[in-house]
Every structure is written in structure tokens, then in C-alpha cells.
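Commentary on secondary and tertiary structure
Below are the chains, spelled out letter by letter.
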Amino acid sequence: MKKIVFFLIALATLVSCNPFSSDDLQYMPFRDSDKSKWGLIGTDGEVLCTNEFDDQPTVAMHDRFFAKNKDGKWELYTAEKNPKQIGNKAYDMAGAFKADVAPVSIKGKPIQFIDKDGNVKFELDQVEGKKVDAVSNFYDGVALFQAEHLFGLVNTKGEVVVNPKYMIIMPAREGKFLAIDEKYKDAKEKKDVKVTILSKDGEVLGEVGMDKYPNMQPYFSGDNVCVEKEGSDGKGEWGVIDVKGNVVLAPSKDVEGVEDFADDKIIFEKSDQYGLMNVKGETLIRAKYKQLKFSGADGLLFASDDDENIKLINENDEEVSKESYGDALSFHGSYAAVKESKDNWIFINKKGEDQKVKTDIYDISDSNFGDEFVKRDGTSASADFSNLFDDTAVDSTDVDTTALEVDSAAVDVDDYDMDEASSGDASGSYTMTGYVDKYPITMYLSFSGSNVTGWYYYDKYKAKMTFTGSYSGSSLDLYCEGGDAFYGTFVNGAYSGHFSGNNGNEMNFNVSQ
């Protein structure tokens, strides 16, 4: 059976993978030791509060953040030295204040959007007679919503800018979204499908035929986007087109993959190594790094030759930082948090200089935006596409994509229901060890019926990456904050299957208690 392949971002990892979408980020959750509770630290390294919360709170934006209470429900707080709870409401699910309103849900009620004072500004109950089941966080001033199997867009005023007519909509930066119209639900081949490019105002900017470009990255830079076509040797070749389909950079066999695209610069892949080029096709850094990602600061990137030592470099491939790091978050403003040792993070400026913050930092995150998909019934931390797509594989960024291989026979929106997508009945938690390919990992799973949360890390680095997932029968699929994904079978405390890395690596994995 032929499959339709389309590059999309996994909903559970959208923000964590996109440093360019969090300009309003003010404070990040952190702990000063493995025994301490969570507090908040500013993007400049100034501590706001410490040892306040048992569970990791969201990042603070627009002077507000959410934290969970002892019952696991979200409460709204002010972002100040002594955070104060606003009102006395507790929410089953909550997004983040990425705009002047945030989505929340209380079981049994329509999804609500509250302001910074906790007042309900509007509800999203029905659109075109269809019950709204779920709403995402805001991206460029609009949020995705799901109404009876189909997706649309709503703005911060509660105005529906795109009616629910698409099988899927995905944010693609620069106020643009990629979508597949419901009319293609019975498509048998890729050549029969077109991808719609939408503006945040709901305008159709263009369409891209999958007959010509079967794959595309959901990263716009201005009006340009990276696409793939098949070369004469049957291998993929990547290039750039604009929203009207005009060729900006012709696909080339020298560009075997695209890791990211921003500010007219492309992080490209060749022979399993990464380099940097511009949209004119001029190579700025040859493909030589095992890891390469935009830092969130103009002209600066994080690069690594060996997965262990990350350095800050510029677009001339000159080292900016004298030191190397085990991990690095994006720059937010003038500073970035980097992991200088196994148990400590520091803040550096754009010259790579240590800012000498006045606290130890054992753990820190800039990617907790609450529930990326807030459900009406408040029972799941992410949108579940397990019935819509029956074969999924991550292809390729804090910036990554997911290649969803859509079985054409499964693309039947009448059969898709988020509330009935999973029926597993596991319970409890499991700490397991094992391998992804030959690399030792540790994984923690927490089951709540069919919903699964947890984390994993490579034993060598011990940098935790959180995930959410769904469990049905013995099938367990996990979507991770960095763009990785696990697809496998969980039976009697053992989990094994297929791992898809955010860098395009495809490997087997197995873990057990």
C-alpha cells in the first residue's frame, strides 16, 4: 500500500524545538540540587525564587506562570520574588502565557482562555456546530483547535480565523502554517495531495504539490521554505521554494537533508555531517559537524564534533567560547544556559564568557510550556494522532521535525477520536535501563490509564529529555521534547521497538526493569 509522506512537527515538542518562538520568555524553571524543589531563574541568570514547587513549573511569560499543586492540577502564579497564586482555581490542563491569554481546561467544561488575572476572556465550545475537543498553545498569535476530528485556528480575541476543515495544521514559523485539507482523506498516492500554506490570518498563501516535492520542512524563513525532490539516482535532494512555488534555491545532491532554516541560513546535512549555507547556495561552513544548531543569537551557532563537547561558534566557523559544554539551551536575550559539568549549568554571554550567576544550577529547562494541547476533558497532555496515522517515524530542532508516514487507508477523519484513541490499562511507574542501538540509556515511565509521561537520558550525558505518549494494548508511542520518538511494545516492564532521532537516525531500542 502506498504511503503519503509529509514533514510535520510533533505537537508535544513544538516549542522546545523552536527557540525562535519564545522571545517573551522571562524566567525558566530550575533546581539548585537533585534534592531541592523547583524555582525560577531569569534569562539573565538572576534568581527569582528557589525551592518552591515539588513539580517543575512552566516557564514564565508575560509575568505569569503555572505550577502544579499536590493534586497534580495547575495553578496560576505571578512571576515575582515571592510568587502569589492568582485566584483559587485549579485547572486540569493549562498552556502557557505565550500571549495575553492562555488556554485552560476544567473537566466537564468547554475550553477556556484566561487573562493574567485569571478572568475568563472567552470559551471555545463549538465551531460551525462542531464541539471543540482540544486547543494548542498560541503560535504567532493564533492557536490550533480540534473540532470533531478536524483542525482550525483561533486568535487571542476568540475569533476563528480558519474554520475546521483540515485533517492537520502545523505551525511553521514566521506566522505561517502547513495544512492538509480534508478533501485528501481518500488520497491513494502522494501525487494526488497538495499541502496548503496558511497565514496566521487564515489567508491561503499557496499550495505545494507532493507530486513535485514529496517532503518539506515546516520552517519558514520569510516567505521561503525547504523542500525535497527525488534526484536522478533516487536519492533525496533539498532546495528552497517560496510560498508561490517559485524556486529560490534549486534542489541539489550536495544537500542530502535539512536540519533547520532561519534568517535565510540553512543547516544542511551531507554524508551524516552538518554544515551551514545561505539561500544563494553559498557554503558558509562545510559539512563537518556531528551536531550543529542555531543558538538563538544572530550569527552564532552551537556545534559539536563528537556529541560530547559543544562549542559556541560564529558563521565563519570561528570558536567564540574557549570552553566546551555538555549541553546548551538557546540564547534568550543576551545570555544562554550551558552545562559546564555533570551537575552544574552556567550562563554565558554572546562572547562565551561565564556570567558568574549567584546560584548552583543542577537542572534547568526553557521548554516547559505546560500542556501543548489542552483537552476539553483534561485527561491528556498532548494531542493523540494514533488513530489518524498508523505508521509514524521521526525524520529530523531546543529545533526538529517529524516525518509522519500517513497510511492512505488510515486517513479517515470519521474514524479518528482523540478521546477514544487509546485503550491501554497500564498503571504505576517504571525505571528501566537498556540501549538505543549500542548507546546505554535510562528511561522513566509513568502510566495513568492510556496516558504516559516520563523522561529518558543517555547514561553518558544524563541530560533528561521529557516525553508524553499513549498506550493501547501493548503498543506504546512516546514523543520527546527534543524531537526524538520511540515506537514500540511494552509488556511486563520491558519496552522495545524502533527509535527515530531528531537528526534522522533510525535505530532499534530495548529497555527493561
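Everything below is about the structure printed above this text.
Our subject in this report is the structure included herewith.

Rules used in this analysis
- Residues numbered from 1 in each chain as written.
- Predicted model: local features only at pLDDT ≥ 70, side-chain atom pairs only at ≥ 80, totals over all residues.
- Heavy atoms only, no water.
- Helix = DSSP H or I, 4+ residues; strand = E, 2+ residues; numbered from the N terminus.
- Buried < 20%, exposed > 50% of the residue type's maximum accessible area, 1.4 Å probe, protein only.
- Areas by Shrake-Rupley, 256 points an atom, 1.4 Å probe, with all protein chains shown as cover.
- Salt bridge = Lys/Arg side-chain N within 4 Å of Asp/Glu carboxyl O.
- Pairing = 2+ DSSP bridges.
- Axes fitted to C-alpha atoms, helices over the stretch in contact; angles between N-to-C directions.
- Phe/Tyr/Trp six-rings, centres within 6.5 Å; stacked < 30°, edge-to-face > 60°.
- Lys NZ or Arg CZ within 6 Å of the ring centre and 35° of its normal.
- Patch = residues over 30% accessible without salt bridge, like charges linked within 9 Å, V, L, I, M, F, W, Y side chains within 5 Å.
- Lys, Arg positive; Asp, Glu negative; His and termini not counted.
- Charge placed at Lys NZ, Arg CZ, Asp CG, Glu CD.

1. Considering the overall build of the chain
- When helices and strands are tallied, the chain shows 0 helices and 45 strands.
- Counting only residues that meet the buried cut, the chain has 57% of its 513 residues in that class.
- For the chain, the accessible area works out to roughly 21100 Å², and carbon and sulfur atoms hold 39% of it.

2. A few points about the pattern of salt bridges
- Following the criterion strictly, the structure yields 18 salt bridges and no others.
- Close ionic contact of Lys37 with Asp54 constitutes a salt bridge, the shortest N to O distance being 3.4 Å. Taken together, the residues Lys37 in the loop between β2 (25–31) and β3 (38–42) and Asp54 in the loop between β4 (47–53) and β5 (60–61) connect sequence positions 17 residues apart.
- By relative accessible area, which is 58% here, Asp54 ends up exposed.
- With a closest N to O distance of 3.4 Å, Asp192 and Lys191 form a salt bridge.
- Taking relative accessible area as the criterion, Asp192 reaches 37% and is therefore assigned partly exposed.
- One continuous salt-bridge network, built from bridges that share partners, spans Glu189, Lys191 and Asp192.

3. Overview of the sheet that holds strand β27 (residues 283–289)
- Strand order across the open sheet formed by 4 strands is β24-β25-β26-β27, with antiparallel pairing between neighbours. In this open sheet, the two strands that pair with only one neighbour each are β24 (257–262) and β27. Across this sheet, the average inter-strand angle for adjacent strands is 15°, counted without regard to direction.

4. Re the packing of aromatic side chains
- Under the defined criterion, the tally for this structure stands at 20 aromatic pairs.
- Ring plane angle 75° and centroid distance 5.0 Å describe the contact between Tyr430 and Phe490, whose orientation is recorded as edge-to-face. Remark: Phe490 occurs in strand β43 (residues 485–491) and Tyr430 occurs in strand β38 (residues 426–436); sequence separation between them is 60 residues.
- For Phe490, a relative accessible area of 4% puts it in the buried group.
- Centroid distance Tyr456 to Tyr458: 5.8 Å. Interplanar angle 70°. Geometry classified as edge-to-face.
- Residue class for Tyr458 comes out buried when judged on its relative accessible area of 18%.
- Members of the aromatic cluster, connected to one another through ring pairs, are Tyr430, Tyr456, Tyr458, Tyr471, Phe486, Phe490, Tyr495, Phe499 and Phe509.
- For the cation-ring pair, Lys98 lies above Phe369, with the distance from its terminal atom to the ring centre recorded as 5.3 Å.

5. Comments concerning the pairing of strand β45 (residues 506–512)
- Here β45 shows a clear split, with Met507, Phe509 and Val511 buried on one side and none of Glu506, Asn508, Asn510 and Ser512 buried on the other.
- Bridge analysis of strand β44 (residues 494–500) against β45 gives 7 bridges, and the strand direction is antiparallel. When the sheet's bridge partners are listed, Ser500 is paired in β45 with Glu506.

6. Side note on the sheet that holds strand β11 (residues 120–124)
- Sheet architecture is open: 4 strands sit in the order β8-β9-β10-β11, paired in antiparallel fashion. Of all strands in the sheet, those bounded by a partner on one side alone are β8 (93–94) and β11.
- Taken together, the 3 bridges between strand β9 (residues 102–105) and strand β10 (residues 111–114) define a ladder with antiparallel strand orientation. Looking at β10, one finds that Pro103 is bridged to Phe113.

7. Re a negative patch on the surface
- Residues Asp140, Glu174, Asp263, Asp264 and Asp298 make up a contiguous surface patch of negative charge.
- Summarising the element assignment, Asp298 is placed in the loop between β28 (291–294) and β29 (300–304).

8. So, unusual backbone geometry
- For Asp63, which is not glycine, the phi dihedral falls at a positive 65°.
- Here Asp63 shows up in the loop between β5 and β6 (64–68).
- Residue classification places Asp63 among the partly exposed residues on the basis of a relative accessible area of 33%.
- Despite not being glycine, Asp263 has its phi angle at roughly 55°, a positive value.
- Judged by relative accessible area, which is 52%, Asp263 ranks as exposed.

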